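One-letter residues, chain by chain:
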Amino acid sequence: MLAGVLFQRGANDGEIEPHFVNQYILTDLYLNAKDNCNLKRPILPSITTLLSATLVTTILSVLRTLALVYLSRLPGSKRAIKRISVANTGVVYHDGRALATCESGPPMRFHLPSLETVGWYNRGAPNECGVDSNLNFGGGDLMAFMKEWTTGHPRVDPITKELISFHAVLVKPFVYYSIVPSTGSLAKDGRHGAKLEKPVPGVRSPRMMHDFGVSARHTVVMDLPLSLSPMNSIRGRPVISYDPTEQSRYGVFPRYEPEKVQWFETNPCVIFHTASCWETTTMVPKAETCVHLLVCRLTSASMVYSAGALTIPVPKPVPPEYVEEEQCRLYYYSFPLVRGDTREAHAIRNQWALSAIPFEFPSVSSSHAMGAARYVYGCSTGAPSYSAALGKSAKIGYLAKMDVATLIARGITHPPQQIKGCVDCRSVDEVMQSTDSNDPVKLFRMPQGWYAQEPRFVPRTDAKAEDDGWLLTYVFDESQLDDKGECGDGAVSEFWIIDARNMTDVVARVMLPQRVPYGLHGAWFPEDEIVEQRPFGAVRREATKMEVDTSNPLSAVRDTIEKWIG
């Protein structure tokens with residue numbers, strides 16, 4: 001489901017009226033399953049199944065999904081399942097389209113501000129004119145359906161307006177890479193056309209690859225020891241499996257040349273979100289380009305298990321140099337690139353945490369994306385480990401603002417231990433006690449019993465500094481829950497606007513008509529993007545009873561089999 005707040009200009013000058021909007025994203029899966037009494041559980045296997053099921057259970061779950069997908073194409077089905085994406089991860093704006101994303105399919109276009117579903121985006125969406133159907137994600141080969149699997153976190157370059165994404169698949173080369181130019185930018189310079197599903201060489205095996213880094217001129221993909229492969233079941237491991245004895249690898253390549261990837265290796269970890277990526281070029285003592293990456297680095301896969309409400313398995317023994325305490329911190333890498341005419345080894349120059357506080361769901365000012373942004377915003381929790389607070393009941397008690405430029409400079413001047421070191425070792429409580437207005441780590445603490453969601457930064461018009469703006473977030477007061485922890489019909493959320501400069505003042509609170517469940521990612525869409533959306537003929541909708549063909553004999557066959565496999 002999408003939830004949004006529209007700030008609409010009022011009748012009087014300077015008057016702004018907020019309006020709450022929410023809509024289900026009408027994916028193939030949703031439209032097929034809605035009001036379908038034959039289904040006893042979701043069509044897709046749950047993360048719990050992928051993490052803990054036996055080989056037999058996994059095979060049966062996959063076969064059940066395939067059967068239901070096939071049955072959906074027979075008469076009597078409310079919607080044929082052509083794509084299995086749930087489009088529930090992130091939202092992004094590109095080339096006149098608002099897109100909802102998930103790595104199990106292409107993005108889904110939706111309309112602003114109504115949030116109504118338009119259709120699957122594949123270099124175009126339904127009812128759009130002038131789109132070349134031969135230039136789509138996936139193409140026309142046997143791998144087409146997997147090549148459509150697009151990261152939940154594609155990036156849009158704020159200068160070139162290109163959409164940069166990757167596609168993690170289950171067979172070699174395991175990762176493909178795509179660049180989709182904006183129509184306007186392509187017409188202006190004409191230098192770079194679309195690059196679709198270009199293989200990235202060197203990835204070892206299928207990975208649960210959620211995010212990546214994109215700078216102005218380079219891209220970083222992460223080959224981490226968190227595998228996602230049906231073949232794991234044959235080896236006696238879960239489909240999603242973390243190996244703490246296997247190294248993490250980072251592939252860095254020029255934006256338009258994935259074949260020139262350079263691989264850097266280091267200790268194992270799990271990374272779901274990158275915060276910022278940029279490059280620097282120096283000429284002294286020698287000419288060198290260095291790519292820098294900020295990530296939310298976890299030292300285990302515990303977050304994955306908490307998301308599935310599962311007990312974390314006992315980890316296998318690891319070499320002493322790989323042993324680290326449970327943590328999720330904002331972490332800095334620098335990758336000095338090696339010239340093609342040299343035999344230098346690839347070595348990470350710096351790799352350490354910037355702060356000891358738990359940190360996740362990072363974001364930067366959109367105008368500073370793909371550059372050396374000074375500030376990174378995100379979520380924190382009072383628990384020692386971020387993963388302990390995640391899962392079905394994610395509790396974000398603090399919003400954080402990191403002056404990463406200052407913290408990195410301190411780390412360069414007084415280097416902490418590589419890999420396991422940290423620049424600022426203070427705890428959340430110690431940071432909260434600080435009275436220094438120039439503290440590089442600032443926290444906004446939610447009132448007791450209130451919890452926030454991922455914040456998004458919105459700059460002030462004619463901003464005087466990078467942090468001159470506001471943080472926007474949904475918040476919820478859990479005193480509205482009953483004794484069983486459930487929400488009643490009268491439970492409501494609020495939408496808060498917080499001064500991003502001092503991380504103290506709540507400048508506005510919007511009372512919403514209902515609760516907004518704890519979710520994943522959001523975005524801010526300015527007025528010009530709403531106005532400049534591409535036109536379309538119609539939105540997706542549910543099929544009416546009259547439109548469902550139940551007279552065909554195959555409809556009864558489909559219904560019987562669907563009830564049997566549930």
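What you see is a predicted model; the values in this text were computed from it and never measured.

Q: Any chance you could explain the packing of helix α3 (residues 55–71) against helix α11 (residues 553–565) here in plain terms?
A: The relative placement of two packed helices is expressed as an angle between their axes plus a distance between the axes. Across the interface, α3 lies against α11 with an axial gap of 10 Å and an inter-helix angle of 160°. With respect to their mutual orientation, α3 and α11 come out roughly antiparallel. Crossing hand, α3 versus α11: left-handed. Residue-level inspection shows Arg64, Ala67, Leu68 and Leu71 of α3 in contact with α11, the latter providing Arg558, Ile561, Glu562 and Ile565. Considering only residue class, the contact of α3 with α11 consists of five nonpolar, no polar and three charged.

Q: Any chance you could explain the side chain of Ser363 here in plain terms?
A: Turning to its location among the elements, Ser363 is positioned in strand β21 (residues 360–363). Apart from residues lying up to four places away in sequence, Ser363 is in contact with Tyr375, Val376, Tyr377, Pro455 and Arg456.

Q: So what exactly am I meant to see when it comes to the pairing of strand β28 (residues 469–477) here?
A: When a strand is regular, its side chains alternate between the sheet's two faces. With respect to burial, β28 is a largely interior element, eight of its nine residues being buried. In the sheet, strand β27 (residues 456–459) pairs with β28 via four bridges, with the strands oriented antiparallel. Pairing of Phe457 across the sheet is with Leu471, part of β28. Both β28 and strand β29 (residues 493–499) contribute to a ladder of seven bridges, which runs antiparallel. The partner of Val475 across the bridge, within β29, is Glu494.

Q: Explain the nonpolar core to me, please; I cannot follow it from the model alone.
A: In summary, soluble globular proteins display a tendency toward joint burial of nonpolar side chains. In this structure, Leu226, Leu294, Leu330, Leu354, Ile357, Val376 and Met402 are the most contacted members of the largest nonpolar core, which totals 35 residues. Broken down by element, the residue count for this core peaks at four residues, all from strand β17 (residues 270–282). Leu294 has contacts with Thr274, Ala275, Ser276, Trp278, Leu330, Tyr331, Tyr332, Leu354, Val376, Val404 and Ile408, leaving out every residue within four places of it along the chain. Cys269, Leu293, Tyr333 and Ile419 belong to the second-largest nonpolar core, a separate cluster that totals 21 residues.

Q: Hey, could you run me through the packing of aromatic side chains in this one?
A: Aromatic ring pairs are described here by two measures, namely the spacing of the ring centres and the angle between the planes. For the structure shown, the criterion picks out 20 aromatic pairs. Relative to Tyr30, the ring of Tyr24 has its centre 5.1 Å away and its plane inclined at 20°; by these criteria the two rings are stacked. Judged by relative accessible area, Tyr30 falls into the partly exposed class, the value being 22%. Centroid distance Trp450 to Trp496: 5.4 Å. Interplanar angle 35°. Geometry classified as tilted. Of this pair, Trp450 sits in strand β26 (residues 450–452) while Trp496 sits in strand β29, and the two are 46 residues apart along the sequence. Exposure remark for Trp450: the relative accessible area of 15% places this residue in the buried category. Joined through ring pairs, the aromatic side chains of Tyr250, Phe264, Tyr331, Tyr333 and Phe335 make up one cluster. Over the aromatic face of Tyr176 sits the side chain of Lys147, whose NZ or CZ is 4.9 Å from the ring centroid. Over the ring of Trp263 we find Arg249, and its NZ or CZ is 4.3 Å from the ring centre.

Q: Quick question: what am I supposed to make of α11 here?
A: An α-helix turns once per 3.6 residues; consequently, residues spaced three or four apart project the same way. If you check α11, its first and last C-alpha atoms are 19 Å apart, about what 13 residues at 1.5 Å a residue would give, namely 18 Å. Among the residues making up α11, those that are buried are Ser555, Arg558 and Glu562. For α11, the arc enclosing every buried residue in end-on projection is 60°, short of the 170-degree limit, so these residues lie on one face. For α11, exposure combined with an orientation more than 90 degrees from the buried face picks out Pro553, Thr560 and Trp564. Where the residues of α11 are buried, they touch α3. A side-chain oxygen of the first residue of α11 lies 2.9 Å from the backbone nitrogen of Leu554; this N-cap is Asn552.

Q: Where do I start with the sheet that holds strand β20 (residues 350–355) in this structure?
A: Within a sheet, neighbouring strands are paired by backbone hydrogen bonds and run either parallel or antiparallel to one another. Reading across the sheet, the five strands line up as β17-β18-β19-β20-β24 and stay open at both edges, with mixed pairing between neighbours. Because the sheet does not close on itself, it has two edges, and the strands there are β17 and β24 (422–424). The sheet shows a mean angle of 25° between the axes of neighbouring strands, direction not considered. As paired elements, strand β18 (residues 288–298) and strand β19 (residues 328–336) share nine bridges and run antiparallel to each other. In the strand pairing of β19, Val291 is matched with Phe335. In the packing of helix α8 (residues 404–413) onto the sheet, contacts are made with β17, β18, β19, β20 and β24, and the angle to β20 comes to roughly 130°.

Q: Looking at this model, I keep getting lost on the pattern of salt bridges. Mind explaining?
A: Once their charged atoms are close, side chains differing in charge can pair, the charge on each being opposite to the other. For the structure shown, the criterion picks out 34 salt bridges. Residues Asp211 and Arg155 are paired through a salt bridge, measuring 3.1 Å at the closest nitrogen-oxygen approach. Taken together, the positions of Asp211 in the loop between β10 (195–199) and β11 (213–214) and Arg155 in strand β7 (residues 155–156) put the pair 56 residues apart, joining distant regions of the chain. Close ionic contact of Glu454 with Arg456 constitutes a salt bridge, the shortest N to O distance being 3.5 Å. With relative accessibility at 25%, the residue Arg456 sits in the partly exposed group. Through salt bridges that share partners, Arg204, Arg207, Asp223, Glu246, Arg249 and Glu265 make up one connected network.

Q: How do you make sense of the sheet that holds strand β12 (residues 218–223) when you look at a structure like this?
A: Here we have four strands laid out as an open sheet, ordered β11-β12-β15-β16, and antiparallel in their pairing. Two strands lie at the open edges of the sheet, namely β11 and β16 (262–266), each paired on one side alone. Note: strand β15 (residues 248–254) against β16, five bridges, orientation antiparallel. From the neighbouring strand, Gly251 faces β16, where its bridge partner is Trp263.

Conventions used here
Residues numbered from 1 in each chain as written. Predicted model: local features only at pLDDT ≥ 70, side-chain atom pairs only at ≥ 80, totals over all residues. Heavy atoms only, no water. Axes fitted to C-alpha atoms, helices over the stretch in contact; angles between N-to-C directions. Helix = DSSP H or I, 4+ residues; strand = E, 2+ residues; numbered from the N terminus. Parallel < 35°, antiparallel > 145°, perpendicular 65-115°, else oblique. Left-handed = near helix turned anticlockwise from the far one by under 90°. Contact = heavy atoms within 4.5 Å. Nonpolar A, V, L, I, M, F, W, Y, C, P; charged D, E, K, R; others polar. Buried < 20%, exposed > 50% of the residue type's maximum accessible area, 1.4 Å probe, protein only. Pairing = 2+ DSSP bridges. Core = buried A, V, L, I, M, F, W, Y, C linked by side-chain atoms within 4.5 Å. Phe/Tyr/Trp six-rings, centres within 6.5 Å; stacked < 30°, edge-to-face > 60°. Lys NZ or Arg CZ within 6 Å of the ring centre and 35° of its normal. Expected span 1.5 Å × (residues − 1). Arc of directions from axis to C-beta. Polar contact = N/O pair within 3.5 Å; in protein donor to acceptor, adjacent residues only side chain to side chain. Salt bridge = Lys/Arg side-chain N within 4 Å of Asp/Glu carboxyl O.

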